[in-house]
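Examination of the molecular architecture
Residue-level listing of the chains:
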Amino acid sequence: MKEYFTKLVNERQSCRNFNDEPLDKELVVEIAKQAALAPSACNSQPWKMYVVTEPERLEKTAKALGSKGHNKFLVNAKAFIVLADKQATLKEGVRFDRNHFVKYDVGQLCAYITLTAKSMGVETCIIGMVNQDLIGDAVGLKKGEHCNIAVALGYSDSPLRNKVRKKYDDVIEIL
């Protein structure tokens, strides 16, 4: 099991070159369902995932995530999982500050999406550039929902790239 996860982490990369192979809607839904098992503070699950696979919505979503001419490769994505964060409610009357835990919980959900997708043979790219007005229209965000991040999905023929990382001594301190 350790070897499988290590291989998965080493082979997961951001894809900016999706090919034309279609992506089955049910597979994307299964990725979202598995990713929903991600942990969150006090199990608040302060998110909603919008699974986008319909051509018209794909086009609108790509535009919302590629505003100002960025991320042009998104027109080739075969699906998106748009992550909307919501104010987390712990129990009646007790709420998290939006900037306290919610962003970390949504970040974990995003990581679960990318690793789950990779385990199912699907490539991903995390997109953090979001036009709020356009994404709201593209996926129909509800009142109180906000989107800071989405994941593009599809298949790629691109070879695995070498991972370029800082030296471990620069990012890990053993105490």
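Use the structure listed above.
Residues numbered from 1 in each chain as written. Predicted model: local features only at pLDDT ≥ 70, side-chain atom pairs only at ≥ 80, totals over all residues. Heavy atoms only, no water.

Topic: the sheet that holds strand 6 (residues 146-154)
With respect to topology, 4 strands assemble into an open sheet ordered 1-2-6-5, the strand pairing being antiparallel. The sheet is open, and its two edges are formed by strand 1 (47-52) and strand 5 (123-127), each paired on a single side. Adjacent strand axes in the sheet meet at a mean angle of 20 degrees, parallel and antiparallel pairs treated alike. Here strand 5 pairs with strand 6 via 5 bridges, running antiparallel. Its bridge partner lying in strand 6, Ile126 is registered against Val151. (Pairing = 2+ DSSP bridges. Helix = DSSP H or I, 4+ residues; strand = E, 2+ residues; numbered from the N terminus. Axes fitted to C-alpha atoms, helices over the stretch in contact; angles between N-to-C directions.)

Focus: the packing of helix 3 (residues 55-65) against helix 5 (residues 132-139)
At a closest axis distance of 8 Å, the pairing of helix 3 and helix 5 adopts a crossing angle of 165 degrees. As judged from the angle between their axes, helix 3 and helix 5 are roughly antiparallel. Regarding helix 3 and helix 5, the two cross each other, and that crossing is left-handed. For the pair helix 3 and helix 5, the contacting residues are Arg57, Lys60, Thr61, Lys63, Ala64 and Leu65 in the first and Leu134, Ile135, Asp137, Ala138 and Val139 in the second. Considered class by class, the residues forming the contact of helix 3 with helix 5 number 6 nonpolar, 1 polar and 4 charged. (Parallel < 35°, antiparallel > 145°, perpendicular 65-115°, else oblique. Left-handed = near helix turned anticlockwise from the far one by under 90°. Contact = heavy atoms within 4.5 Å. Nonpolar A, V, L, I, M, F, W, Y, C, P; charged D, E, K, R; others polar.)

Here we look at helix 2 (residues 25-35)
For helix 2, the complete set of buried residues consists of Val28, Ile31, Ala32 and Ala35. The buried residues of helix 2 all sit within an arc of 95 degrees when viewed along its axis, so they share a single face. For helix 2, the exposed residues set more than 90 degrees away from the buried face come down to Glu26 and Lys33. (Buried < 20%, exposed > 50% of the residue type's maximum accessible area, 1.4 Å probe, protein only. Arc of directions from axis to C-beta.)

Concerning unusual backbone geometry
The phi angle at Cys42 is positive, at roughly 55 degrees, despite the residue not being glycine. Position of Cys42 among the secondary structure elements: in the loop between helix 2 and strand 1. Although it is not a glycine, Asn43 sits at a positive phi angle of roughly 55 degrees. The exposure class assigned to Asn43 is exposed, which follows from its relative accessible area of 55%.

Points about the pattern of salt bridges
One pass over the structure, following the stated rule, counts 3 salt bridges. Here Lys7 ties to Glu11 by a salt bridge, and the two come within 2.9 Å at their closest N and O atoms. Placement of the pair is Lys7 and Glu11 together in helix 1 (residues 2-11), with a separation of 4 residues, close to one helical turn. Measuring nitrogen to oxygen at the nearest pair gives 3.7 Å for the salt bridge that ties Asp137 to Lys60. Of this pair, Asp137 sits in helix 5 while Lys60 sits in helix 3; the two residues are 77 residues apart in sequence, bridging distant segments of the chain. (Salt bridge = Lys/Arg side-chain N within 4 Å of Asp/Glu carboxyl O.)

Examining the layout of surface pockets
In this structure, the largest pocket spans a volume of roughly 200 Å³. Lining the largest pocket are Val9, Asn10, Lys163, Arg165, Lys166, Tyr168 and Val171. Residue assignment for the lining of the largest pocket shows that the elements contributing at least two residues are helix 1 and helix 6 (168-171). Looking at the lining of the largest pocket residue by residue, the classes come out as 3 nonpolar, 1 polar and 3 charged. (1 Å grid on protein atoms, 1.4 Å probe; cavity = no way out; pocket = protein on both sides within 12 Å on 5 of 7 lines; lining within 4 Å. Points joined across faces, edges and corners; volume = space filled by probe spheres on them.)

Overview of the side chain of Thr114
As for its placement among the helices and strands, Thr114 is situated in helix 4 (residues 98-119). The exposure class assigned to Thr114 is buried, which follows from its relative accessible area of 5%. Residues in contact with Thr114, not counting those within four places in the same chain, are Arg12, Thr124, Ile126 and Val151.

Digging into the environment of Lys103
On the secondary structure map, Lys103 appears in helix 4. Given a relative accessible area of 45%, Lys103 falls into the partly exposed group. Once the C-alpha coordinates of Lys103 and Ile149 are considered, the two residues, 46 residues apart in sequence, prove to be 9.9 Å apart.

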